[in-house]
Structure formats: C-alpha cells, structure tokens
Amino acid sequence: MSSNIHAHDIEQKLYDAATEFVKERYPQGWGGAGAVYTDAGSLLISVAPEVINDAVHLCMETGAYLEAHKLNERVTHSLCVARDGESTGFKVLTPCGICQERLFYWGGDVKAAVYDPSGQLVFKTLNELQPNHWTKAYSNK
C-alpha cells in the first residue's frame, strides 16, 4: 500500500467512487457495486451480472476481485454498497462468506467494509471478521 495514502482516505475514496458509479450506472431504482483497492494503487469497481437463473448469480465484488487477479495486484481493501432506490441512502454490505474466502487469498490483513447500523463507514480486517478461519490451522505463526 502506498505510504502517502492513509487507510481512512482509501476507505472514503472507495465509498465515494462506488456510490458515484452506482448513481451513474443505475440512475433509477435499485443499484449496487463492489469496489476494491490494491497495493499498486488501483481502484477497481464491478457490478453483479444480471442473470435469468439465480443459481449462476455472482456477488457485486467478484468482477473487481477477478480484475485484481488479472492485473496481478494484491487487494488491500474491499467494499460493497447498495441502495434500494434513487431517493434512498446507500448501505454498506458486509462481504458474504464466499467473498471473504475469495479475499483471504490476499491474507487476513485485507480490510473489508462492514455494515454499521449508524451508517458510519467501518472497515475490519478479515482476521477480525473470522478470528478462527480455517487457514489458521496451516499457518506457521
């Protein structure tokens, strides 16, 4: 992670980029997007594909994770936002268990935005979200 960018600045930058993207991509009705920040300074945004068979549905963040893999960049922060309509506020969605597993590829220190009922922007490390994650059985620490 760039030393000249503070974690709080990255977190706010991710939120602002994701919410602005949603306003443009989904001007009416429901909208949501995932956004990640990488150690190379990339900010990647993705959406959930619209599908007719829900069994093939992917989370909003998946595209950004795949883009980071393609670029061979380490994800340091992940965020997912959604709104119910153009006149409602945005909610931060905690990554589902599958997305947490996807993020663990980059280590337990990856920070993920989590839902906060007061509406504050809160990030926690994966280690905080899953202190007993199965990978602990294989670590040398």
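Predicted model, so just to flag it, every value in this text is computed and none were measured. (Residues numbered from 1 in each chain as written. Predicted model: local features only at pLDDT ≥ 70, side-chain atom pairs only at ≥ 80, totals over all residues. Heavy atoms only, no water.)

**So, the pairing of strand β2 (residues 43-46)**
Residues L44 and S46 line the buried face of β2, whereas the alternating positions L43 and I45 sit on a face that is not buried. Sheet topology note: the strand β1 (residues 31-38)/β2 ladder contains four bridges and is antiparallel. By the bridge assignment, A35 is partnered in β2 with I45. In this antiparallel pair of consecutive strands, β1 and β2, the connection spans four residues, and G41 shows a positive phi of 90 degrees. (Buried < 20%, exposed > 50% of the residue type's maximum accessible area, 1.4 Å probe, protein only. Helix = DSSP H or I, 4+ residues; strand = E, 2+ residues; numbered from the N terminus. Pairing = 2+ DSSP bridges.)

**Structural notes on the pattern of salt bridges**
The full count for this structure, using the stated rule, is five salt bridges. In this structure, the salt-bridge partner of K111 is E11, at a minimum N-O distance of 3.9 Å. Placement of the pair is K111 in strand β5 (residues 111-114) and E11 in helix α1 (residues 7-25), with a sequence separation of 100 residues. Since its relative accessible area comes to 26%, K111 is described here as partly exposed. With a relative accessible area of 10%, E11 lands in the buried category. The closest approach of N and O atoms between K23 and E20, which form a salt bridge, is 3.2 Å. Of the two residues, K23 and E20 are both situated in helix α1; the distance of three residues between them amounts to about one turn of the helix. (Salt bridge = Lys/Arg side-chain N within 4 Å of Asp/Glu carboxyl O.)

**What about α1?**
In an α-helix, one full turn covers 3.6 residues, which means residues spaced three or four apart are oriented alike. Taking 1.5 Å as the rise per residue, α1 with 19 residues should run 27 Å; its terminal C-alpha atoms sit 27 Å apart, in good agreement. Residues of α1 that are buried: I10, E11, L14, A18, T19 and V22. With its buried residues spanning 155 degrees around the axis, α1 presents them on a single face. α1 presents H8 and E24 as exposed residues on the side facing more than 90 degrees away from its buried surface. Contact partners of the buried residues in α1: β1, β2, β3 (75-83), β4 (90-92), β5 and β6 (122-125). (Expected span 1.5 Å × (residues − 1). Arc of directions from axis to C-beta. Contact = heavy atoms within 4.5 Å.)

**Considering the side chain of T38**
Positionally, T38 belongs in strand β1. Not counting chain neighbours up to four residues away, the residues in contact with T38 comprise L44, A68, E73, R74, V75 and T76.

**Some points on the pairing of β3**
Most of β3 sits inside the fold, with nine of its nine residues counted as buried. Summarising the sheet, β1 and β3 pair through eight bridges and their orientation is antiparallel. Within β3, the position partnered with Y37 by the bridge is H77. Relative to β5, β3 is paired through two bridges, and the arrangement is parallel. Considered in β5, the bridge of H77 is made with K111. Relative to β4, β3 runs antiparallel, the two being bridged by three bridges. Along β4, the bridge assignment pairs A82 with K91.

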